[in-house]
Amino acid sequence: MTYLAIVLLLVLSALFSGLTLGFLGLDRSELERKKNLGNHKARVIYEVRKNNNLLLVTLLVGNVLVNAILSVMLASITSGAFAVAVSTFLIVIFGEIIPQAFFAKYALTVGYFFVPIVRLLLFVFYPIAFPVAWMLEKAMGKEQDTIWSKEELAEVIKSHEDSSFSELDSDEEKVILGALTFSDKKAGEVMTMKKECFMLSEGSMLTESVLHNIKERGHTRIPVYYKKQRNIVGVLFTKDLITLRETKPLATVYRPDTILQVHTRESLDDVLNKFLHKRIHMAYVVNGDNKFVGLITLEDIVEEIIKTEINDESDE
Ligand code: ATP
């Protein structure tokens, strides 16, 4: 009978200790994410894991209680130094090391089946566990959610891509990393420099040679300026030239106010938001002295997000 009780107590000791490490070793935020993704086991465990102090105190009280009874029972069948050695050995190996190693690995899959027992323990030990858990929370504060910085998120993505167990491939890695970092870049870093910009003066005539030049450059949007390049007044859309039957003044064809102004220091996410809200896909960039220094389009931003140079049919 005593031996049976000892075995039973050892099993309980193993369970308490394994569940303590298993459940509290599960990151609460990660459990919540899994729960939100529809993982049933995570949802069930989350309900007992969310109040970490109450769970910790309950499992520890249970564990200490069981270990104390176990030591007394072992002392009743052995004595002296031998009793100490046997109980230490049994508790450490079977009550602590093996269950902790096991539950650390299978907390989610196996721990799930023990949730009803944990609920029962939470109920039984509530009168003792609740005041202690309450004091712990007052002294140490609530458990904080794990919030990663952008750099940490990037490291997670990189290590996932490197792992053979991950579904993430290198294209996805590139786009996610680009999406994480593109807002750190400024318009001035990705714009097309002024000297490379193809623009037309508002006073121009759309002659054969000008049209030929437009075709050669291959751009869809051509900024139009009044007298000086810094006075940009609109954009000539090359598709508006399709219906052109005769040589016309550019002033009658271009569309005024179809270009935004942004600053070299503006971050790409701000520029992107402007493009999307105003439904305009090109901006001229000005520096600190309000001087025109370049052009930026939606494509320049998309290239930063996907970390790939986009070349279309008309690009060389
Ligand atoms: P689409 O792809 O619609 O034909 P596009 O090739 O003319 O248009 P975008 O795709 O918006 O233009 O941009 C491609 C690159 O060309 C970007 O780096 C952009 O800054 C640059 N770019 C666009 N228009 C001009 C222009 N008029 N002069 C100089 N560079 C331009």
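Use the structure listed above.
What counts, and where the lines are drawn
- Residues numbered from 1 in each chain as written.
- Predicted model: local features only at pLDDT ≥ 70, side-chain atom pairs only at ≥ 80, totals over all residues.
- Heavy atoms only, no water.
- Helix = DSSP H or I, 4+ residues; strand = E, 2+ residues; numbered from the N terminus.
- Rg over C-alpha atoms; globule rule 2.2 N^0.38 Å.
- Buried < 20%, exposed > 50% of the residue type's maximum accessible area, 1.4 Å probe, protein only.
- Contact = heavy atoms within 4.5 Å.
- Areas by Shrake-Rupley, 256 points an atom, 1.4 Å probe, with all protein chains shown as cover.
- Lys, Arg positive; Asp, Glu negative; His and termini not counted.
- Charge placed at Lys NZ, Arg CZ, Asp CG, Glu CD.
- Near = heavy atom within 4 Å.
- 1 Å grid on protein atoms, 1.4 Å probe; cavity = no way out; pocket = protein on both sides within 12 Å on 5 of 7 lines; lining within 4 Å.
- Points joined across faces, edges and corners; volume = space filled by probe spheres on them.
- Nonpolar A, V, L, I, M, F, W, Y, C, P; charged D, E, K, R; others polar.
- Patch = residues over 30% accessible without salt bridge, like charges linked within 9 Å, V, L, I, M, F, W, Y side chains within 5 Å.
- Salt bridge = Lys/Arg side-chain N within 4 Å of Asp/Glu carboxyl O.
- Pairing = 2+ DSSP bridges.
- Core = buried A, V, L, I, M, F, W, Y, C linked by side-chain atoms within 4.5 Å.
- Phe/Tyr/Trp six-rings, centres within 6.5 Å; stacked < 30°, edge-to-face > 60°.
- Lys NZ or Arg CZ within 6 Å of the ring centre and 35° of its normal.

**Some words on the overall build of the chain**
- The number of helices and strands found in the chain is 13 helices and eight strands.
- Taken against the 2.2 N^0.38 rule, which gives 20 Å for 316 residues, the C-alpha radius of gyration of the chain at 34 Å runs more than 25% over that of a compact globule.
- Once the C-alpha set of the chain is aligned to its principal axes, its extents read approximately 110 × 40 × 30 Å.
- For the chain, buried positions account for 36% of its 316 residues.
- Within the chain, contacts between residues at least 6 apart in sequence are counted, and of these 62% link residues at least 24 apart.
- Accessible surface computed for the chain: about 19200 Å², of which carbon and sulfur atoms make up 59%.
- Here the chain carries 35 positive and 40 negative side-chain charges, and the mean point of each set is 6 Å from the other.

**Focus: the site of the ligand**
- Thr-192, Phe-198, Thr-220, Glu-299 and Asp-300 are the nearest of the 14 residues found near the ligand.
- Expressed as a share of its isolated accessible area of 590 Å², the protein-covered part of the ligand is 82%.
- Sorting the residues of the shell around the ligand by element identifies β3 (221-225), β8 (292-297) and α13 (298-306) as the ones contributing at least two each.

**A few points about the layout of surface pockets**
- Of the voids in this model, the second largest pocket is the one considered here, and its volume is about 210 Å³.
- Trp-148, Leu-153, Val-156, Ile-157, His-160 and Leu-168 together form the lining of the second largest pocket.
- Partitioned by chemical class, the residues of the lining of the second largest pocket number five nonpolar, one polar and no charged.

**Brief notes about a negative patch on the surface**
- Negative charge collects at one region of the surface, where Glu-167, Asp-169, Asp-171 and Glu-172 lie side by side.
- Mapping Glu-167 onto the fold places it in the loop between α8 (150-162) and α9 (170-181).
- With relative accessibility at 79%, the residue Glu-167 sits in the exposed group.

**Things to note about the pattern of salt bridges**
- Evaluation of the coordinates by the stated rule reveals 12 salt bridges.
- Salt-bridge contacts for Lys-185 lead to Glu-304; the nearest nitrogen and oxygen are separated by 3.1 Å. With a gap of 119 residues between them, Lys-185 in the loop between α9 and α10 (187-190) and Glu-304 in helix α13 connect regions that are remote in the sequence.
- Its relative accessible area of 28% is what places Lys-185 among the partly exposed residues.
- Using a relative accessible area of 15% as the deciding quantity, one classes Glu-304 as buried.
- For the salt bridge of Glu-266 with Lys-274, the shortest nitrogen-to-oxygen distance reads 2.8 Å.
- Residue classification places Glu-266 among the buried residues on the basis of a relative accessible area of 18%.
- Owing to a relative accessible area of 32%, Lys-274 belongs among the partly exposed residues under this scheme.
- Residues joined in a network through salt bridges with shared partners are Arg-28, Arg-49, Glu-143 and Asp-145.

**Regarding the sheet that holds strand β2 (residues 200-201)**
- The strand order β2-β3-β4-β5 describes an open sheet built from four strands, whose pairing is mixed. Of all strands in the sheet, those bounded by a partner on one side alone are β2 and β5 (255-256).
- Alignment of β3 against strand β4 (residues 232-237), held across five bridges, turns out to be antiparallel. For Ile-222, the partnering residue across the bridge sits in β4 and is Leu-236.

**Re the nonpolar core**
- Formed by 34 residues in total, the largest nonpolar core has its most connected members in Leu-19, Phe-23, Leu-26, Leu-31, Ile-45, Leu-70 and Val-118.
- Those elements that place two or more of their residues in this core are α1 (2-25), α3 (40-49), α4 (52-77), α5 (80-106), α6 (115-124) and α7 (126-140).
- Apart from residues lying up to four places away in sequence, Leu-19 is in contact with Leu-24, Leu-59, Phe-103, Gly-111, Phe-114 and Val-118.
- Core analysis: the second largest hydrophobic core is formed by 17 residues, Phe-182, Val-190, Ala-283 and Val-285 among them.

**Some words on the packing of aromatic side chains**
- Under the definition given, this model contains six aromatic pairs.
- When the ring of Phe-103 is compared with that of Phe-114, the centres are 5.7 Å apart and the planes differ by 70 degrees; the resulting orientation is edge-to-face. Residue Phe-103 is located in helix α5, and its partner Phe-114 is located in the loop between α5 and α6; the two are separated by 11 residues in the primary sequence.
- The exposure class of Phe-103 is buried, given its relative accessible area of 6%.
- Centre to centre, the rings of Tyr-112 and Phe-113 are 5.0 Å apart; their planes meet at 70 degrees, and the pair counts as edge-to-face.
- The rings of Phe-102, Phe-103, Tyr-106 and Phe-114 are connected pair by pair, giving a single aromatic cluster.
- The residue whose ring lies beneath Arg-255 is Phe-237, and the NZ or CZ to ring-centre distance is 4.4 Å.

**A word on the environment of Leu-12**
- Of note, Leu-12 is situated in helix α1.
- Judged by relative accessible area, which is 34%, Leu-12 ranks as partly exposed.
- C-alpha separation for the pair Leu-12 and Asn-67, spaced 55 residues apart in sequence, amounts to 8.9 Å.

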